[in-house]
Amino acid sequence: MTSNKANTQTHKLSAIERVVHHVINTHYSSLNEATILAAKTFILDSIGVGLSGSRIAQVQQVKQAVSQWGDAKQAQVWATGEWLPAASAAIVNGYQIHNQEWDCVHEPAVVHPMAVILSALMAYGQLHKVSGKQLLLGVIIGVDVATLIGQSATSGLKFFRPSVCGCLGAAAGICAMLSLDKNTTQNALGIAYSQLSGTMQAHIEGSPMLAMQIGLNSQAAIRALDLARAGFEGPKDILEGPFGYFNLFEDTFDLSPLLSKLGKEFQIEQVSHKPFPTGRAGHGTADGLLTLQQEHNFALDQIVTITVSATPLINRLVGRPVKDNMTPSYAKLCNGYIAATALLTGNITVEDFEPEKLQDRERLALAKKVTTQLNDCDNPNALAPVTVAVTHKNGQMFSIDLPHILGNPLKPLTRNAQLIKFEAACKSAAVSFCDEQISELTNLIDELDGIEDIGQLIHKFSKH
């Protein structure tokens, strides 16, 4: 492990040179069936949660702001269908994907890869009329770049890794999608790097700006491509340089994941679903409690304590106290509220973060019985293992150890569960989707590699 930044130059190619080589030399014809299927799976998932995200009130504020940034009709807002400049559509769609904490995550990287990547690639792709195969290739490459950079960090998050790594992945994905040359790709990545943004302060405060950081970095990737394609130059040594990503954004790093997996193991196959619209760090709590309740059917009114023993990252991200007048963004990252909701309803849905639910006294009282504490894991980026224990007034205890959490590739959602989530997401959007439309959209994504212009797909779920 390298905790300073010196010994990575022994390789013939630098890390960023390897990334660029991967971007420009990977072609659709070299992708295997499992990789393509995984990309379709998470495109479906991400479109679904992006449609659902259109229901959030702050979306109107975002639309009001971007309406002042140009009126070119290049790409559409998901669900409601307004035509905007591609960069503006990417902001709105990226915000919609992440604003309910329901989008997929690559756990070892601690990166939500599809939020920035898919919102940027689909907006730019709609403008440039790319095919389904081009989009699939771009997504696969983009996820590789974002998550392998994220996996190489060995310290905890300071900057919001989903947005900053997502931007680099999106820039790389667009370059792959459009088959751009080496020089343009290098410049696009450098220009994207120069615009990276995202702070964990928004996470700590439960601010809606957390999801907005996704949108801003989606826009940044598109701006980077426009500048690079116009011939503008960006910095080159953006990963290992003195002020490159690993020296500036992370405290310690080890390039082994990037060097050993790039071009050999497509990371889209390692992405985890989020069954519930909460921070992934709270999914172990929900998974454990729902499993225990199904197995033992214990009385909720007899619960004295719920103890969640979890990794440092889980404690940091969702170990916050329950409080009155929580915002939805705060509650989605509060282990107590997540636990109480799972037990009282048997599920967690987007409707569980409406104001009346957040003020429910029974839910808040149960939530205050939850304690999150450290287990013996010392990996600052781990989202498992988790142990959940419920203690009753009579002293009886129910406990479960979870080495993997529901949605992880080692404990995956079934295809049926994926489709149930997609249907629920579509039906919670700001515009109504009937069963027939949802089925048609599912089939189109299943057949994405046969679509000549992804605008044909986008029109089906953008109804303005």
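The structure we're discussing is the one just above.
### Points about the overall build of the protein
Consideration 1: When its secondary structure is counted, the protein shows 21 helices and six strands.
Consideration 2: Taken over C-alpha atoms, the radius of gyration comes to 21 Å for the protein, in line with the 23 Å a tight globule of 464 residues would show.
Consideration 3: Projected onto the principal axes, the alpha-carbon positions of the protein cover approximately 70 × 55 × 40 Å.
Consideration 4: Going through the 464 residues of the protein one by one, you find that 61% of them count as buried.
Consideration 5: Partitioning the contacts of the protein with sequence separation of at least 6, the portion at a separation of at least 24 is 77%.
Consideration 6: With an accessible surface of roughly 17500 Å², the protein has 51% of that area assigned to carbon and sulfur atoms.

### As for unusual backbone geometry
Consideration 1: Of note, the bond from Ala 384 into Pro 385 is cis; its omega dihedral lies within 30 degrees of zero at 10°.
Consideration 2: Positive phi, normally seen in glycine, also occurs at Lys 129, with a value near 55°.
Consideration 3: Take Lys 129: it is sitting in the loop between α5 (113-127) and α6 (132-151).
Consideration 4: Assessed through its relative accessible area of 58%, Lys 129 is described here as exposed.
Consideration 5: One non-glycine residue with positive phi stands out, namely Asn 297, at about 50°.
Consideration 6: Take Asn 297: it is sitting in the loop between α13 (283-296) and β3 (303-310).

### What to know about the packing of aromatic side chains
Consideration 1: Under the criterion given, the structure shown has eight aromatic pairs.
Consideration 2: Geometrically, the ring pair formed by Phe 159 and Phe 249 is tilted, given 4.6 Å between the ring centres and 55° between the ring planes. Separated by 90 residues along the polypeptide, Phe 159 in the loop between α6 and α7 (161-177) and Phe 249 in the loop between α11 (245-248) and α12 (256-261) bring together distant segments of the chain.
Consideration 3: Judged by relative accessible area, which is 8%, Phe 249 ranks as buried.
Consideration 4: Among the aromatic residues, those joined into a ring-pair cluster are Phe 159, Tyr 193, Tyr 245, Phe 246, Phe 249 and Phe 253.
Consideration 5: Directly above the ring of Tyr 330 sits Arg 320, whose terminal nitrogen or CZ lies 4.8 Å from the centroid.
Consideration 6: The ring centre of Tyr 330 lies 4.2 Å from the NZ or CZ of Lys 323, which sits over that ring.

The rules behind each value
Residues numbered from 1 in each chain as written. Predicted model: local features only at pLDDT ≥ 70, side-chain atom pairs only at ≥ 80, totals over all residues. Heavy atoms only, no water. Helix = DSSP H or I, 4+ residues; strand = E, 2+ residues; numbered from the N terminus. Rg over C-alpha atoms; globule rule 2.2 N^0.38 Å. Buried < 20%, exposed > 50% of the residue type's maximum accessible area, 1.4 Å probe, protein only. Contact = heavy atoms within 4.5 Å. Areas by Shrake-Rupley, 256 points an atom, 1.4 Å probe, with all protein chains shown as cover. Phe/Tyr/Trp six-rings, centres within 6.5 Å; stacked < 30°, edge-to-face > 60°. Lys NZ or Arg CZ within 6 Å of the ring centre and 35° of its normal.

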